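Chain and residue survey
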Amino acid sequence: MALPQHDTLVSYPDGAIGSTGTVVHVEPLVDGRSAVILDRTALHPVDTAWPDQPADRGELRLADRALPVVDAVMGGVHDGTLLLGRDLPVRTGTEGWVFVVAHVIEGEPPAEGEVVEVVVDAELRGALCAGHTACHLASLALDGALADAWTKDAPRDALGHPAFDQLAIVTSRIHEHGSIDTYRIGKSLRRKGFAPAALDALAAVEERANAALATWVAAGGAVRIERDDEAITARRTWVCALPEGEVRIPCGGTHVDDLAVFASLKVALERREVEGGLELVMTTTATMR
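So, a few notes on the structure that sits alongside this text. (Residues numbered from 1 in each chain as written. Predicted model: local features only at pLDDT ≥ 70, side-chain atom pairs only at ≥ 80, totals over all residues. Heavy atoms only, no water.)

Description of the nonpolar core
For soluble globular proteins, nonpolar side chains are generally found buried alongside one another. If you look at the biggest cluster of nonpolar residues, it comprises 44 residues, and the most contacted ones within it are Leu-137, Leu-142, Phe-164, Ile-185, Phe-194, Trp-238 and Leu-280. In this structure, Val-23, Leu-43, Leu-60 and Ala-72 belong to the second largest nonpolar core, which totals 16 residues. (Core = buried A, V, L, I, M, F, W, Y, C linked by side-chain atoms within 4.5 Å. Buried < 20%, exposed > 50% of the residue type's maximum accessible area, 1.4 Å probe, protein only.)

Here you go:
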């Protein structure tokens, strides 16, 4: 089969949980699995370069059967070769590549040219949307709670606070109705001006962050994703209305459409001694109305 020549068009940034697409390629995998690539899809794949949000669950519906999607990963075509998931060596949008969503299924795949309906698990999508929005808000709240911990001028976040989250983040993992973010406080961060002694009063930092989150949830605020076009490579921006003003963060994930859906957002902070410095782990929990 010919390899895809155009980026997959995606509708999940707009909140879509269903779509109709044409099969443009089927890639045989091991253990009887196949990667089905459509020209367009509503199903969110895990991003290889920054795998913070898990893939959606769902199914591909054909005229005579339904195929559960057991995984969804990013793929890239370059020099006549399709590379999938962890084998993809470049970031999405790298020049000279075509980027696609690969729907991994088991059993007999659909044929190239066949029209397929994509149906996304709406309950899981909603829970992950809540987790991802909560994660962004928690990062902003943590930055604000640590704003006085800097001895040098540092890059600023979307609210104008020193960007601790951006500068110290090691891993971020979205899950249903929450997230876990791990930060490294080592020599590099100290050279940038961060004073680790601020974490000696961790309960006070946590209290300040949770106070900000409570204020934002009480106020509510519209959330949207802005993008230039439908291609998966298009730059996407998370935009959220907060009492302090509209904030904007680059993001390729999915989100709730208003903070009013939350009953509460809370973070719990844990400090860990590690070789060469400290780790800070932030667990964020969203409670829905």
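Next comes the rest of the write-up.
Details of the pattern of salt bridges
Counting across every chain of the model gives 15 salt bridges. Of the charged contacts in the structure, one is a salt bridge between Asp-14 and Arg-227, with a shortest N-O distance of 2.5 Å. You can see Asp-14 sitting in the loop between β1 (9-10) and β2 (18-28) and its partner Arg-227 sitting in strand β12 (residues 223-227), a full 213 residues away along the chain. For Asp-14, a relative accessible area of 55% corresponds to the exposed category. Close ionic contact of Asp-153 with Arg-156 constitutes a salt bridge, the shortest N to O distance being 3.1 Å. Classification of Arg-156 as partly exposed rests on a relative accessible area of 46%. Within this structure, Arg-224, Glu-226, Glu-246 and Arg-248 form a network of salt bridges that share partners. (Salt bridge = Lys/Arg side-chain N within 4 Å of Asp/Glu carboxyl O. Helix = DSSP H or I, 4+ residues; strand = E, 2+ residues; numbered from the N terminus.)

Thoughts on the pairing of strand β14 (residues 245-250)
Summarising the sheet, strand β13 (residues 236-242) and β14 pair through six bridges and their orientation is antiparallel. Residue pairing in the sheet places Trp-238 in a bridge with Ile-249 of β14. As consecutive antiparallel partners, β13 and β14 are separated by two residues. (Pairing = 2+ DSSP bridges.)

What to know about the packing of helix α1 (residues 122-145) against helix α4 (residues 202-219)
Angle between the axes and distance between the axes are the two parameters that describe a pair of packed helices. With their axes 8 Å apart at the nearest point, α1 and α4 run at an angle of 130° to one another. Relative to α4, the element α1 lies oblique. Here the hand of the crossing between α1 and α4 comes out right-handed. For the pair α1 and α4, the contacting residues are Leu-137, Ala-138, Leu-140, Ala-141, Leu-142 and Ala-145 in the first and Val-205, Arg-208, Ala-209, Ala-212, Leu-213 and Trp-216 in the second. Here the contact of α1 with α4 is built from residues that sort into 11 nonpolar, no polar and one charged. (Axes fitted to C-alpha atoms, helices over the stretch in contact; angles between N-to-C directions. Parallel < 35°, antiparallel > 145°, perpendicular 65-115°, else oblique. Left-handed = near helix turned anticlockwise from the far one by under 90°. Contact = heavy atoms within 4.5 Å. Nonpolar A, V, L, I, M, F, W, Y, C, P; charged D, E, K, R; others polar.)

Structural notes on the packing of aromatic side chains
Here the structure, examined in full by the defined rule, presents four aromatic pairs. Taken together, a centroid distance of 5.2 Å and an interplanar angle of 65° make the contact between Trp-150 and Phe-194 edge-to-face. Residue Trp-150 is located in the loop between α1 and α2 (164-168), and its partner Phe-194 is located in the loop between α3 (187-191) and α4; the two are separated by 44 residues in the primary sequence. For the pair formed by Trp-150 and Phe-194, the shared burial category is buried. Here Phe-164 and Phe-194 contribute two aromatic rings whose centre-to-centre distance is 5.1 Å and whose plane-to-plane angle is 45°, an arrangement assigned as tilted. Linking Phe-164 in helix α2 with Phe-194 in the loop between α3 and α4, this pair joins segments that are 30 residues apart in sequence. Just as Phe-164 is buried, Phe-194 falls in that class too. Three or more aromatic residues link up through ring pairs in this structure, and these residues are Trp-150, Phe-164, Tyr-183 and Phe-194. (Phe/Tyr/Trp six-rings, centres within 6.5 Å; stacked < 30°, edge-to-face > 60°.)

Notes on the side chain of His-25
Of note, His-25 is situated in strand β2. Among the residues examined, His-25 registers a relative accessible area of 4% and is labelled buried. Polar side-chain contacts of His-25 include one of 2.7 Å to the side chain of Glu-27. (Polar contact = N/O pair within 3.5 Å; in protein donor to acceptor, adjacent residues only side chain to side chain.)

Structural notes on the environment of Arg-91
Counting through the fold element by element, Arg-91 comes out in the loop between β7 (81-84) and β8 (98-106). Along the chain, Arg-91 and Thr-48 lie 43 residues apart, while their C-alpha atoms are 7.8 Å from each other. Residues within four places of Arg-91 in sequence aside, it is in contact with Ala-49 and Phe-99.

Things to note about α4
Between the first and last C-alpha of α4 there are 26 Å, a value that for 18 residues agrees with the 26 Å anticipated at 1.5 Å per step. Phi for Gly-220, located one or two positions after α4, is positive at around 70°. (Expected span 1.5 Å × (residues − 1).)

Side note on the pairing of strand β6 (residues 66-78)
Inspection of the sheet shows strand β5 (residues 58-61) paired to β6 by four bridges, in the antiparallel sense. Across the sheet, the residue bridging to Glu-59 is Pro-68, located in β6. A loop of four residues connects β5 with β6, the two strands running antiparallel in sequence. Bridging between β6 and β8 involves eight bridges; their strand directions are antiparallel. In the strand pairing of β8, Asp-71 is matched with Val-104. Judged from the four bridges that link them, β6 and β7 form a sheet pairing that is antiparallel.

These values are about where atoms sit, not about what they do.
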